[in-house]
Amino acid sequence: MKEFDYIIIGGGCAGLSLAYELEIHEKLKDKTLAIIEPREEYKKDKTWSFWKVVTHNFDDCIKKSWKNFSINIPGKTNHLKCDHYPYQSVDSSLFYKKITSKLKENKNIVFFRDLKEINSKNSFIFNSVPSIKKDHRNLWQHFCGVEIETQNNFFDDKIFNLMDFDCDQRESVHFFYTLPYSKTKALVETTWLSKMNDNSQKDYDNQIKDYIENHLNLKNYKITYKEEGAIPLFYPSDETEKNKINIGTAGGMTRLSTGYTFLNIQEHSKYIRENFENISNTKKYKINKKYQFLDDIFLRVLEKHPEKMSDTFFKMFKASPNTVIKFLSNKSNFLEDLSIILKMPKLTFIKALFY
Ligand SMILES: Cc1cc2nc3c(=O)[nH]c(=O)nc-3n(C[C@H](O)[C@H](O)[C@H](O)COP(=O)(O)OP(=O)(O)OC[C@H]3O[C@@H](n4cnc5c(N)ncnc54)[C@H](O)[C@@H]3O)c2cc1C
């Protein structure tokens with residue numbers, strides 16, 4: 001069986017981002033790489049959105065970028081600017097196409113469907129398939145979104161809605177978000193923060209229909225694309241193994257309070273590329289511990305007091321938008337952290353330290 005210097009298990013967002021980063025920096029000129037990916041073809045399956053707080057390789061895969069956003073709770077709307085850090089949406093079909101075409105140029109990179117097809121004994125492995133124990137106590141972010149098209153101009157495509165909590169909460173945390181790609185096209189997504197086995201919230205089609213027709217007051221539209229998924233709001237088990245590094249969700253690249261992962265994946269890929277020649281002895285890359293600590297408290301409050309979360313998010317955005325964006329994107333300094341913490345319901349958060 002064939003052997004490779006490196007193996008990437010899972011050719012999704014993290015696996016492909018890493019392979020691309022290594023390829024464009026010519027790290028695979030004299031080395032071989034196998035990518036293990038079971039899917040038969042790459043087609044659009046996700047829309048990755050984030051505030052652009054650092055540069056990345058995929059500006060040409062951006063479907064749309066915004067400099068204004070809003071957040072809503074019942075009876076209140078806050079309009080905010082993000083011109084320093086525009087919010088970008090990457091179209092996964094453009095991302096997959098760009099990367100797979102580039103990787104095809106290098107004969108040293110080969111795709112396989114199953115790890116069993118090669119001999120992996122002596123290879124260095126980058127693994128993006130999380131080992132997740134089904135634990136009913138763990139929190140997940142569940143969501144389902146549809147892209148819709150209208151015949152007449154309907155959306156204001158200069159501003160996106162980050163979170164609209166003016167919807168049925170069902171003793172959980174629920175919001176919609178709307179990304180208008182143009183005056184006639186938008187992604188509308190329903191998002192729940194809750195336990196995995198809670199099926200009572202999965203009537204997504206009805207929720208979305210009701211929101212579009214009765215909240216956005218849009219009656220004439222057609223659905224052109226649908227995406228559905230769940231992100232673990234806990235770290236998958238990450239045993240340290242020699243010659244193996246976990247990447248992507250499996251490697252703890254998800255920010256637990258928000259689900260944002262895409263830019264962390266890009267920064268992790270860059271870190272691996274910079275240390276590639278000595279990767280087995282390089283310190284593990286992690287999201288800064290202070291965010292892990294703060295997110296842990298945040299999720300404890302969320303679990304105990306879901307009814308307080310819409311107000312908490314709304315109040316957080318009373319701090320300067322740049323500060324909140326930097327905080328949510330792991331780029332804030334101590335004073336910025338403090339200004340966010342001061343916006344939180346202090347007693348509730350202090351009590352959460354002792355749950
Ligand atoms: C629908 C959806 C929308 C999201 N939106 C955002 C967003 O807006 N912003 C953001 O920052 N994050 C977002 N995320 C979170 C995160 O960015 C994505 O989940 C991202 O795809 C994670 O990358 P990954 O490589 O870890 O996992 P994936 O992209 O899922 O890649 C894992 C790959 O492993 C493959 N695989 C599975 N089993 C095996 C196996 N046994 N052997 C080999 N390969 C296997 C899969 O086919 C897949 O291609 C979203 C997640 C989902 C599910």
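The structure contained in this document is the topic of the report that follows. Given the structure is predicted, the values throughout are model-derived calculations rather than measurements.

What counts as what
Residue numbering note: each chain is counted from 1, following its sequence as written. Local features in this predicted model are restricted to residues of pLDDT 70 or higher, and side-chain atom pairs are both shown and tallied only at a pLDDT of 80 or more, whereas totals for entire chains, interfaces and linings draw on every residue. Here the side-chain values reflect all heavy atoms present in the structure, with hydrogen atoms and water set aside. By convention in these notes, a residue is near a molecule or strand provided one of its non-hydrogen atoms lies within 4 Å of it. Polar contact is the term for a pair of N or O atoms within 3.5 Å; when the atoms are in protein, one must be able to donate a hydrogen and the other to accept it, and sequence-neighboring residues count only if both atoms are side-chain atoms. For the area figures, the Shrake-Rupley method with a 1.4 Å probe applies, and any residue is considered shielded solely by the protein chains shown. Under the scheme used here, helices are H or I runs from DSSP no shorter than 4 residues and strands are E runs no shorter than 2 residues, and both carry numbers assigned from the N terminus. Any two strands between which DSSP finds at least two bridges are classified as paired. To define axes, lines are fitted to C-alpha atoms, for helices over the stretch in contact only, and angles between the resulting N-to-C directions are given on a 0 to 180 degree scale. In this description, a nonpolar core means a group of buried Ala, Val, Leu, Ile, Met, Phe, Trp, Tyr and Cys residues linked to one another through side-chain atoms lying within 4.5 Å. Think of it in three bands: with a 1.4 Å probe and only protein chains considered, a residue is buried below 20% of the maximum accessible area for its type, exposed above 50%, and partly exposed in between. Here, residues are in contact when the closest pair of their heavy atoms is within 4.5 Å. Only a pair of cysteine sulfur atoms within 2.5 Å qualifies as a disulfide here. Each patch is assembled from residues with relative accessible area greater than 30% and no salt bridge, linking like charges that lie within 9 Å and nonpolar side chains (Val, Leu, Ile, Met, Phe, Trp, Tyr) that lie within 5 Å. Any Lys or Arg side-chain nitrogen located within 4 Å of an Asp or Glu carboxyl oxygen qualifies as a salt bridge. Should an angle fall under 35 degrees it is taken as roughly parallel, and over 145 as roughly antiparallel, whereas 65 to 115 is taken as roughly perpendicular and any remaining angle as oblique. Crossings are sorted by hand: turned counterclockwise from the far helix by less than a right angle, the near helix makes the crossing left-handed, and turned clockwise it makes it right-handed.

Points about the site of the ligand
Taken together, 25 residues surround the ligand, and among them Ala 14, Glu 37, Arg 39, Ser 49 and Thr 261 come closest. Between the ligand and the protein, one listed contact pairs an oxygen atom with a backbone N or O atom of Ala 14 at 2.7 Å. A distance of 2.6 Å separates an oxygen atom of the ligand from a polar side-chain atom of Arg 39. Taking 970 Å² as the accessible area of the ligand by itself, protein coverage stands at 79%. Elements with a minimum of two residues in the shell around the ligand: helix H1 (13-24), strand E3 (47-51), strand E14 (222-232) and helix H4 (262-274).

Looking at the sheet that holds strand E7 (residues 87-91)
Spatially, E3-E7-E4 is the arrangement adopted by the 3 strands of the open sheet, whose pairing is antiparallel. Unpaired on one side and paired on the other, E3 and strand E4 (62-66) mark the two borders of the sheet. Taken pair by pair, the neighbouring strands of this sheet meet at an average axis angle of 15 degrees, ignoring direction. Across 5 bridges, the pairing between E3 and E7 is antiparallel. Its bridge partner being in E7, Ser 49 is matched across the sheet by Ser 89.

As for the environment of Ser 49
Counting through the fold element by element, Ser 49 comes out in strand E3. Linking Ser 49 and Lys 116, residues 67 residues apart in sequence, is a C-alpha distance of 34 Å. A polar atom in the side chain of Ser 49 sits 2.8 Å from the side chain of Ser 89.

Side note on the sheet that holds strand E1 (residues 6-9)
In spatial order, the strands read E8-E2-E1-E9-E15; together these 5 strands make up an open sheet with parallel pairing. In the strand order of this sheet, the two ends are held by strand E8 (109-112) and strand E15 (244-246), each with one partner. Strand-to-strand twist in this sheet, taken as the mean axis angle between neighbours without regard to direction, amounts to 15 degrees. By the bridge criterion, 4 bridges tie E1 to strand E2 (residues 33-36) in an arrangement that is parallel. Looking at E2, one finds that Ile 8 is bridged to Ile 35.

Considering the nonpolar core
One finds Trp 51, Phe 69, Phe 95, Phe 126, Leu 162, Phe 262 and Phe 317 to be the most contacted residues of the largest nonpolar core, which totals 82 residues. Not counting residues within four places of it along the chain, the set of residues in contact with Phe 69 comprises Trp 51, Asn 78, His 79, Leu 80, Lys 81, Cys 82, Ile 159, Phe 160, Leu 162, Phe 317 and Ile 325. Counting residues in hydrophobic clusters, the runner-up holds 14 residues, among them Val 146, Cys 167, Ala 186 and Tyr 211.

Structural notes on the state of the cysteines
Summed over the entire model, instances satisfying the criterion amount to 0 disulfides. Cys 61 supplies the cysteine sulfur nearest to Cys 13, a cysteine that is in no disulfide, at a spacing of 11 Å. By relative accessible area, which is 2% here, Cys 61 ends up buried.

A word on a nonpolar patch on the surface
Together, Phe 293, Ile 350, Leu 353 and Phe 354 make up a nonpolar patch on the protein surface, roughly 450 Å² of accessible area in all. Within the secondary structure, Phe 293 sits in helix H5 (residues 289-304). A relative accessible area of 48% places Phe 293 in the partly exposed class.

Describing the pattern of salt bridges
Per the stated rule, a full pass over the model turns up 26 salt bridges. One salt bridge connects Arg 273 with Glu 21, and the closest N-O pair in it is separated by 2.7 Å. Here Glu 21 lies in helix H1 and Arg 273 lies in helix H4, a separation of 252 residues in the sequence. Grouping residues by exposure puts Arg 273 and Glu 21 together as buried. Ionic pairing is found between Lys 27 and Glu 277, a salt bridge with its closest N-O pair at 3.2 Å. Of this pair, Lys 27 sits in the loop between H1 and E2 while Glu 277 sits in the loop between H4 and H5, placing them 250 residues apart in sequence. Via salt bridges that share partners, Lys 44, Lys 63, Asp 91 and Glu 147 belong to a single interconnected network.

Regarding the packing of H1 against helix H2 (residues 92-104)
Remark: H1 packs on H2, axes separated minimally by 10 Å, with the N-to-C direction vectors making an angle of 45 degrees. For the element pair H1 / H2, the angle class is oblique. The handedness of the crossing between H1 and H2 is left-handed. The residues of H2 that touch H1, namely those facing Cys 13, Leu 16, Ser 17, Ala 19, Tyr 20, Glu 23 and Ile 24, are Phe 95, Tyr 96, Lys 98, Ile 99, Lys 102 and Leu 103.

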